[in-house]
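Each chain, written out:
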Amino acid sequence: MKTHSTKFMVAAAMATLIYGCSSDSNVTPPPEEPTTGSITISLTDDPWEDAMEMVLHVTGVEMGHADGSVIMLEMTGGGMSINMMQLQNGESTMLADGAEVPMGQYEWMRLMIDPAQSHIDLASTGGRHGMQMGSDAENGLEIMHDFEIGQAQHSEYMLDFDIRRGVQHHDNGMMGGEYRLHSAMRMVDMSQSGGLMGTVDPAMIDVNHPDCDDAPGGNWAYLFHGDVTEPDDIADIDTDGM
């Protein structure tokens, strides 16, 4: 009787062990937490009346993560040539559409340009001019701007290039000099942006009047915050009371 009892106890213990192992193998591990988010990036341009055409050949977008890493979003097909004159009055073109990138804090964004495939046509010179990268844009058109890519969240940003400040003529001692691209962009979080539309009375428009605008280009419109008590314009000499 003692022998049979011992065998039964051993068999029961082995059955329990086998059952326990089998139960552990059926446990589903918890899902991994996502470590990425997604981003959509578009490009637009401010108007400049002297530019008849301006083509930038964009090869990619770089983003600087706070951990020191650089995330590169490359354009397919070696890049895209964009006529910036078509990206005005609310028009834009998409550079990245829902691209998956590491989550976290970012400190800057850079537009990668191939100057050899870029040019500008100016009404004032009547010709086409090649482009060079300025000293502040040797690695691309960069904007220092803190932004965050949330965990499994989608973010959308607009890069607004100011062609007036971004294209500058440099006299290098050669005929015609050269035109260089400089970093003159602002970055807009589209979740916090809006639009403004209105009309201007034609009687208020005085094109190229020497008292208020002695340069080609016509008129300027200004938008002031509501608490501004003494609005001012960019003119060096006050001729219109502003």
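Up top you'll find the structure we're talking about.
First things first, this report covers the structure right here in the doc. Bear in mind that the values here come from a model prediction, so they are computed numbers and not experimental data. (Residues numbered from 1 in each chain as written. Predicted model: local features only at pLDDT ≥ 70, side-chain atom pairs only at ≥ 80, totals over all residues. Heavy atoms only, no water.)

### Some points on the sheet that holds strand 10 (residues 154–161)
Item 1. Pairing in this open sheet of 4 strands is mixed, and the strands run 5-1-10-13 from one edge to the other. Single-partner strands in this sheet number two, and they are strand 5 (93–102) and strand 13 (185–189). Adjacent strand axes in the sheet meet at a mean angle of 25° when their direction is disregarded.
Item 2. Looking at chain direction, strand 1 (residues 36–45) and strand 5 are connected through 7 bridges and run antiparallel. Counterpart to Leu43 in the pairing with strand 5 is Thr93. (Pairing = 2+ DSSP bridges. Helix = DSSP H or I, 4+ residues; strand = E, 2+ residues; numbered from the N terminus. Axes fitted to C-alpha atoms, helices over the stretch in contact; angles between N-to-C directions.)

### Focus: the packing of aromatic side chains
Item 1. Here the structure, examined in full by the defined rule, presents 2 aromatic pairs.
Item 2. Taking the centre distance of 5.2 Å and the plane angle of 15° together, the rings of Tyr106 and Phe147 count as stacked. Remark: Phe147 occurs in strand 9 (residues 141–149) and Tyr106 occurs in strand 6 (residues 104–113); sequence separation between them is 41 residues.
Item 3. Taken together, Tyr106, Phe147 and Tyr157 form an aromatic cluster joined through their ring pairs. (Phe/Tyr/Trp six-rings, centres within 6.5 Å; stacked < 30°, edge-to-face > 60°.)

### Description of the environment of Gly68
Item 1. Here Gly68 lies in the loop between strand 2 (51–65) and strand 3 (70–74).
Item 2. Overall, Gly68 belongs to the exposed group, its relative accessible area being 61%. (Buried < 20%, exposed > 50% of the residue type's maximum accessible area, 1.4 Å probe, protein only.)

### What to know about the side chain of His65
Item 1. Tracing the backbone through its elements, the reader meets His65 in strand 2.
Item 2. Other than its neighbours up to four places away in sequence, His65 contacts Pro102, Met103, Gly104, Gln105 and Tyr106. (Contact = heavy atoms within 4.5 Å.)

### What about the pattern of salt bridges?
Item 1. Evaluated as defined, the whole model comprises 8 salt bridges.
Item 2. Here Glu53 makes a salt bridge to Arg128, at a shortest N to O gap of 3.2 Å. Within this pair, whereas Glu53 is found in strand 2, its partner Arg128 is found in strand 8 (residues 127–133), the two being separated by 75 residues in sequence.
Item 3. The partner of Arg186 in a salt bridge is Asp160, and the shortest N-O contact between them spans 3.1 Å. Separated by 26 residues along the polypeptide, Arg186 in strand 13 and Asp160 in strand 10 bring together distant segments of the chain.
Item 4. If you follow the salt bridges from partner to partner, you end up with Glu53, Asp121 and Arg128 in one network. (Salt bridge = Lys/Arg side-chain N within 4 Å of Asp/Glu carboxyl O.)

### Points about the environment of Ala66
Item 1. Mapped onto the secondary structure, Ala66 falls in the loop between strand 2 and strand 3.
Item 2. With a relative accessible area of 42%, Ala66 lands in the partly exposed category.
Item 3. Contacts of Ala66, omitting those with residues within four sequence positions, involve Gln105, Tyr106 and Glu107.

### Structural notes on the nonpolar core
Item 1. Formed by 43 residues in total, the largest nonpolar core has its most connected members in Ile39, Ile41, Met54, Met63, Met109, Leu111 and Leu181.
Item 2. Here this core takes 6 residues from strand 2, the largest share from any one element. (Core = buried A, V, L, I, M, F, W, Y, C linked by side-chain atoms within 4.5 Å.)

### Structural notes on the environment of Ser155
Item 1. With respect to the helices, strands and loops of the structure, Ser155 is situated in strand 10.
Item 2. Judged by relative accessible area, Ser155 falls into the buried class, the value being 12%.
Item 3. With residues near it in sequence (within four places) discarded, Ser155 still touches Ser38, Ile39, Thr40, Glu148 and Ile149.

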